[in-house]
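Observations on the model geometry
For reference, the chains in residue letters:
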Amino acid sequence: MICNDKDILHVMIEEARTYTQGGEVAKYIPALAEADPSVLSLAIYDGGGPCAAVGNTDETFTLQSISKVLSLALALMDRGEDEVFSRVGMEPTGDPFNSIIKLETNRPNKPLNPMINAGALAVTSMISGSSTEEKLGRLLTFIHELTGNPEIRYDEHVAKSELRTADLNRSLAYFMRQHNVFEDEVEDLLDLYTKQCAIEVSCEDLAKIGYVIANEGKHVQSKRQIIPLHIARILKTFMVTCGMYNASGEFAIRVGIPAKSGVSGGIMASIPHGIGIGIYGPALDDKGNSVAGMKLLEALSHRYDLSIF
Ligand SMILES: NC(=O)CC[C@H](N)C(=O)O
């Protein structure tokens, strides 16, 4: 079993670390450019006590696009499927995560899925609450429940850095507001979205969230149904079809695990009815996925036969 294979996991992570040299940290959010590209860490959670954590596991990082899975869960719980999917679609785009092209050519002009930036902005607008603080507080409480870690906050430095430079996301938001996808003030929505993306976690936290999603939304230790079963299934499905941006097809073939990445270099993976995996490696490939993190997941999938297909 994977939890007992610490020596092998150490070897695998050091093998994967060599690929960090072929990647670059994200620069379009200035604060993310401060990350050390040689870092790589892996945590695995199997619902019991500590399972495995190897590499630079003390490092924390921001969720970025991984937060899109959690805001979607909350919006679905708040508003129901009919309302959420009247404003955002269910289809992969094959375009970069911040692309505007399909937003204009698609009719009606709603974003194609909740994992691209346009779709995630629309989803964030559906989180219930009377103020940004209340909505963000609800998202954080949800993450505290999923991880059992009440210390999780957002990183103000990263949030401010993104808000200052988020003109592309601003354009997506203005375009959607014009087309009645939502009615929020764009600056308020951007403020909430950048704080959501800047929520700071460790790869162990990520493995725990991945575990709950893997296990139909139920936390085995507390026996609580944190996410309704049908919503956990929706999340896993989007992770398979759109989780790695426009590399999702290749990832499904090479790795075959529901997963979601973020430009900070995080990847959260969920093996249905099995383990949760958290990875952090800030050196990215040209599509914005952790270059060594993808290699590590591919190696884990082959060694432990983790593909769902
Ligand atoms: N791919 C990502 O992780 C994108 C998230 C980032 N906050 C953005 O909106 O650009």
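Residues numbered from 1 in each chain as written. Predicted model: local features only at pLDDT ≥ 70, side-chain atom pairs only at ≥ 80, totals over all residues. Heavy atoms only, no water.

This brings us to the nonpolar core. With 48 residues, the main nonpolar core has F142 and I227 as its most contacted residues. Of all the secondary structure elements, the ones that give two or more residues to this core are β1 (41-45), α2 (67-87), α5 (132-147), α9 (203-214) and α10 (229-242). Ranked by residues supplied to this core, first place goes to α2 with 9 residues. Per-domain counts for this core show at least three residues from each of domain 1 (2-65 + 200-304) and domain 2 (67-197). Counting 30 residues, the second largest nonpolar core, distinct from the first, contains M12, L40, A269 and I279. (Core = buried A, V, L, I, M, F, W, Y, C linked by side-chain atoms within 4.5 Å. Buried < 20%, exposed > 50% of the residue type's maximum accessible area, 1.4 Å probe, protein only. Helix = DSSP H or I, 4+ residues; strand = E, 2+ residues; numbered from the N terminus. Domains from an automatic or database assignment.)

On to the packing of aromatic side chains. As enumerated under the stated definition, the model contains 5 aromatic pairs in all. Taken together, a centroid distance of 5.2 Å and an interplanar angle of 85° make the contact between Y45 and Y211 edge-to-face. Here Y211 lies in helix α9 and Y45 lies in strand β1, a separation of 166 residues in the sequence. For the residue pair Y45 and Y211, the accessibility class agrees, reading buried in each case. Consider the rings of F61 and Y280, whose centres lie 4.3 Å apart with planes at 5°: the pair is stacked. Here F61, found in strand β3 (residues 60-62), pairs with Y280, found in strand β9 (residues 276-280); they are 219 residues apart in sequence, far enough to count as distant. No difference in accessibility class separates F61 from Y280, as the two residues are buried. (Phe/Tyr/Trp six-rings, centres within 6.5 Å; stacked < 30°, edge-to-face > 60°.)

For the rest of this paragraph, the subject is the pattern of salt bridges. Scanning the entire structure with this criterion turns up 14 salt bridges. As a salt-bridge pair, R17 and E14 come within 2.8 Å of each other at their nearest N and O atoms. Of this pair, R17 and E14 are both found in helix α1 (residues 6-17), 3 residues apart, which corresponds to roughly one turn of the helix. On the basis of relative accessibility, which here comes to 41%, the residue E14 falls in the partly exposed class. In this structure, the salt-bridge partner of R170 is E187, at a minimum N-O distance of 2.6 Å. With R170 in helix α7 (residues 167-178) and E187 in helix α8 (residues 186-197), this residue pair connects regions lying 17 residues apart in the sequence. Judged by relative accessible area, which is 36%, E187 ranks as partly exposed. Taken together, the shared-partner salt bridges in this structure form one network comprising R79, E83 and R87. (Salt bridge = Lys/Arg side-chain N within 4 Å of Asp/Glu carboxyl O.)

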